[in-house]
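# Report on the structure
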Amino acid sequence: MSFGDILWFIFISFALMAYLMVMFTIITDLFRDRDTSGWAKAVWVVALIFFPIVTSLIYLGARGRGMAERNARTAEAMKAQQDAYIREIASQATPAEQIAQGQAMLEQGTISRDEFETLKQKALVS
């Protein structure tokens, strides 16, 4: 095996990986897009199978901006969900802290004795 064969193998491997990444990105974007009908998605997939390079270039040219917008919306939604989850987990007080907060509200007159007992039961159950 010569040095040229090794370089050619590396180049072909890189091109194959780049091709597969583009195909998976396009297919993922197709099925993520809720505005495109099922028939249109089927036509794109069939075209990708029979004319992969031409179809990929046409898809990226015609729908590339939409791909970027859908990716950005998905990333924003995932970040919002992650932030909400982190806030929910970080803000959870222990049962003792919840009872102490309820006791303080009872002493201030913010809640009644029955409401305090309800808060205490919820804190002890969770």
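Residues numbered from 1 in each chain as written. Predicted model: local features only at pLDDT ≥ 70, side-chain atom pairs only at ≥ 80, totals over all residues. Heavy atoms only, no water.

Across all of its chains, the model carries five salt bridges by this definition. Between D29 and R70 there is a salt bridge, and its shortest N-O distance comes to 2.7 Å. Of the two residues, D29 sits in helix α1 (residues 3-32) while R70 sits in helix α3 (residues 52-91), which places them 41 residues apart along the sequence. Residue D29 shares its accessibility class with R70, and that shared class is buried. The partner of D33 in a salt bridge is R70, and the shortest N-O contact between them spans 3.7 Å. In this pair, D33 sits in the loop between α1 and α2 (38-50) while R70 sits in helix α3, placing the two residues 37 residues apart along the sequence. The buried category is assigned to R70, whose relative accessible area is 10%. Beyond isolated ion pairs, a larger network of salt bridges with shared partners links D29, D33, R63 and R70. (Salt bridge = Lys/Arg side-chain N within 4 Å of Asp/Glu carboxyl O. Helix = DSSP H or I, 4+ residues; strand = E, 2+ residues; numbered from the N terminus. Buried < 20%, exposed > 50% of the residue type's maximum accessible area, 1.4 Å probe, protein only.)

Count 3.6 residues to each turn of an α-helix, and residues three or four apart come out pointing the same way. Taking 1.5 Å per residue, 30 residues should reach 44 Å; α1 reaches 43 Å between its end C-alpha atoms and fits that length. Buried residues of α1: M23, I26, D29 and L30, and no others. Where α1 is buried, its residues meet α2 and α3. (Expected span 1.5 Å × (residues − 1). Contact = heavy atoms within 4.5 Å.)

Next up on the list: a nonpolar patch on the surface. Side chains of L16, M17, Y19, L20, F24, I53 and L57 sit close together on the surface and give an oily, nonpolar patch of about 720 Å² of accessible area. Of all the secondary-structure elements, those providing two or more residues to the nonpolar patch are α1 and α3. The greatest single-element share of the nonpolar patch, amounting to five residues, is contributed by α1. Residue placement: M17 occurs in helix α1. Relative accessible area serves as the criterion here: at 48%, M17 is assigned to the partly exposed category. (Patch = residues over 30% accessible without salt bridge, like charges linked within 9 Å, V, L, I, M, F, W, Y side chains within 5 Å. Areas by Shrake-Rupley, 256 points an atom, 1.4 Å probe, with all protein chains shown as cover.)

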